[in-house]
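Listed here are the chains, written in short residue letters.
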Amino acid sequence: MEDRVRYLNEAPMRSPAKYVLYWSQMNRRVDSNHALAWAVQLANGLDLPVLFYEGLTCSYPDANDRHHTFILQGVPETARRLAPLGIGYLFYLRRKHSDPNDMLYRLAKDSAVVVTDDYPVFVASVHNRSVAGKLDVTFHAVDSSCIVPMNRMEKREYAAYTIRPKIRRLLFEYLRPLEMAGPRRRFTQPLPCPGLHTTVTEPEIARLVAACDIDHNVPPSLSYPGGRVAAEKHLRHFIGRNLRRYAEDRNEPTAHATSNLSPYLHYGQISSLEIALAAKGAEEFLEELIVRRELAFNYCRCAAKPDALENLPAWAAATLHKHSKDRRDPCYTPEQFFEAATHDALWNAAQKEMRLRGKIHGYYRMYWGKKIIEWSRTHQEALETMVRIHDVWAVDGRDPNTYTNILWCFGLHDRPWQERPVFGMVRYMSLEGMRRKTQVDAYIREIEHLEQSGKDPFRLVC
DNA sequence: ATCGGCTCGCGCAA
DNA sequence: TGCGCGAAGCCGAT
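Quick look at the structure, then. No experiment lies behind these values; they were computed from the predicted model shown. Here the residue numbers are simple positions, counted from 1 along each chain's written sequence. For this description, chains carry letters from A and ligands carry numbers from 1, given in the order in which they are written. Only residues with pLDDT of at least 70 get local features here, since the model is predicted, and only at 80 or more are side-chain atom pairs given and counted; chain-wide, interface and lining totals rely on the full set of residues. Excluded from the side-chain calculation are hydrogens and water; included are all heavy atoms of the structure.

### Describing the sheet that holds strand β5 (residues 111-117)
Item 1. The 6 strands are arranged β1-β6-β5-β2-β3-β4 in an open sheet whose pairing can be described as mixed. Of all strands in the sheet, those bounded by a partner on one side alone are β1 (5-7) and β4 (88-93). Taken over all neighbouring pairs, the strand axes of this sheet differ in orientation by 25° on average, direction set aside.
Item 2. DSSP-based pairing: two strands are paired if at least 2 bridges between them are found. Runs of E in the DSSP output that reach at least two residues are strands. Runs of H or I that reach at least four are helices, and both are numbered from the N terminus. Summarising the sheet, β5 and strand β6 (residues 139-142) pair through 4 bridges and their orientation is parallel. Across the sheet, the residue bridging to V114 is F139, located in β6.
Item 3. What makes two residues a contact is simply this: any of their non-hydrogen atoms within 4.5 Å. Every axis corresponds to a line fitted to the C-alpha atoms, with the helix fit spanning only the stretch in contact, and the corresponding angles, defined between N-to-C directions, vary from 0 to 180 degrees. In this fold helix α1 (residues 34-46) packs onto β1, β2 (19-23), β3 (50-56), β5 and β6, with an angle of close to 165° to the strand it touches most, β5.

### Details of the state of the cysteines
Item 1. To count as a disulfide, a pair of cysteine sulfur atoms needs to be within 2.5 Å. Following the criterion strictly, the structure yields 0 disulfides and no others.
Item 2. Just so you know, C212 is unpaired, no disulfide at all, and the nearest cysteine sulfur is the one on C58, 6.2 Å from it.
Item 3. Exposed residues in this analysis have more than 50% of their type's maximum accessible area, buried residues have under 20%, and partly exposed residues fall in between, with area computed by a 1.4 Å probe over protein chains only. Residue classification places C212 among the buried residues on the basis of a relative accessible area of 4%.
Item 4. Between C302, a free cysteine, and C300, which holds the nearest cysteine sulfur, the sulfur-to-sulfur gap is 9.4 Å.

### Some words on the pairing of β5
Item 1. Counted residue by residue, β5 has 7 buried out of 7 residues, so it is predominantly covered.
Item 2. Examined bridge by bridge, β2 and β5 share 4 bridges and lie parallel to one another. Within β5, the residue paired with L21 across the bridge is V114.
Item 3. Taken together, β5, helix α5 (residues 122-134) and β6 form a β-α-β motif whose crossover is right-handed. The crossover handedness rule: strands pointing away from the viewer, path from first strand over the helix to second strand clockwise, crossover right-handed.

### Describing the packing of helix α14 (residues 345-357) against helix α16 (residues 379-393)
Any two packed helices are characterised by how steeply their axes cross, that is the angle between the axes, and by the distance between the axes.
Item 1. It is at 9 Å that the axes of α14 and α16 come closest, and there the two elements cross at 30°. Here α14 and α16 pass one another in a crossing that is right-handed. Between α14 and α16, the residues in contact are Q351, M354 and R355 and I389, H390 and W393, respectively.
Item 2. For the contact of α14 with α16, the class distribution of residues is 3 nonpolar, 2 polar and 1 charged. Here a crossing is taken to be left-handed if its near helix is turned anticlockwise relative to the far helix by less than a right angle, and right-handed if that turn runs clockwise. Each residue receives one of three labels: charged for Asp, Glu, Lys and Arg, nonpolar for Ala, Val, Leu, Ile, Met, Phe, Trp, Tyr, Cys and Pro, and polar for the others, Gly being one of them.

### Looking at the protein's contact with DNA strand C
Item 1. We call a residue near a molecule or strand when any one of its heavy atoms sits within 4 Å of it. Around DNA strand C, the structure places 23 residues, and the nearest of them are A160, W417, R427, S430 and K437.
Item 2. If you look at DNA strand C and keep only atoms within 4 Å of the protein, 47% of those are sugar or phosphate atoms.
Item 3. Counted as a polar contact is a pair of N or O atoms within 3.5 Å, where, for protein atoms, one must be capable of donating a hydrogen and the other of accepting one, and residues adjacent in sequence contribute only when both atoms are in side chains. One of the backbone nitrogen or oxygen atoms of Y161 is found 2.8 Å away from a phosphate oxygen of DNA strand C.
Item 4. Here R292 contributes a side-chain N or O atom positioned 3.1 Å from a base nitrogen of DNA strand C.
Item 5. Those elements giving two or more residues to the surface near DNA strand C turn out to be α6 (160-174), α11 (283-302), α15 (362-375), α17 (400-408) and α18 (431-437).

Here it is as structure tokens:
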């Protein structure tokens, strides 16, 4: 467990104290959560109860109904699973930009130590840096995202083939279920902050979201409801029905052979460890789930700003620079991409899948990104378009995988190929290739039906 | 249908 | 120092 922990400040533990605080930012779950387990272990050593705290603000960029709903849908089950363990639970929904932002500091005043998630991108990495300087109490961040802890990789890896043997060598140490000790002391005190939620009910989620000061023009995903129950349903469905044909059918979007677990992984409602244990022996799937996902975490941890072209390998940066002034034809504005208004029916369908379902099938997402590069005024504008579309519409966006997938389109973790306009030696993908390898027209029809009916026949009943 | 060339650089064997 | 091979391919020759 210790190799998952980062010690973020040098402040002492508080004594006396009322509890140990776990601040859940990215691993919004009770099961298979190393950070929560670490908080319980510390609490048992100090003979204190544990308080699980999570919050949701409306002040991060592109906050909207889709992201808010997904997170709030996780709350009822988190509360339900914490209660029998005797762990206290608080959820703070900040509805206005002006709402106080100091809840963590208030709760920390009575805590012996604060434990949170170690996560290399978006708000958690920024929060953890700024909070460390302000807390007057011991502050730990625990990596519960990766199976082989990020700490075990000593440097930024060049590609999948360089990290793969390192992960394989260490995997036997970490590929085992997390057994969390039960807390010895129950959390029985009066809630330290009246007015905060101790749970929410499913029917009140829409009302709470509507009351938030956020963008209400992006509705919840048609296909992926949030929450632990939905996450487990997707896992069971995948293992029972699709894992057998995954290796064969994963690159055929209309075959629906993939796990669709990325939203639940992103919001931390399920852990990759639980998924890997359930998928034992499925090499092709575990390659994606472990090797490529943990390569993405390694990249984001080592790159100061993961969504920047400066992080590309030298050959990719040089060849893109050489082709930066190449003529783009056709050439679209970001707005045309947002509106799915290109000449290419496959590209438009992929963009509509993003808008309706909240993610694009992995194989078409590569094509989607390559074409944004091909048809944008500049490489930088293409990057910004891809990031922005994910920020607004993707239920698996702002994840290490997001930035790595996007930068892969520009050559990250890839190799050079034959030189051509706009891309230089960066790998190119063509509509003809997609037609050769996948059922393009059937996919376009599927997405048209999704758009017209407003219902996804592939949505699991949760 | 299948195959080779395109092109760079990491990591390991020697 | 040399060599094999790699995050999901394309294209033209056979």
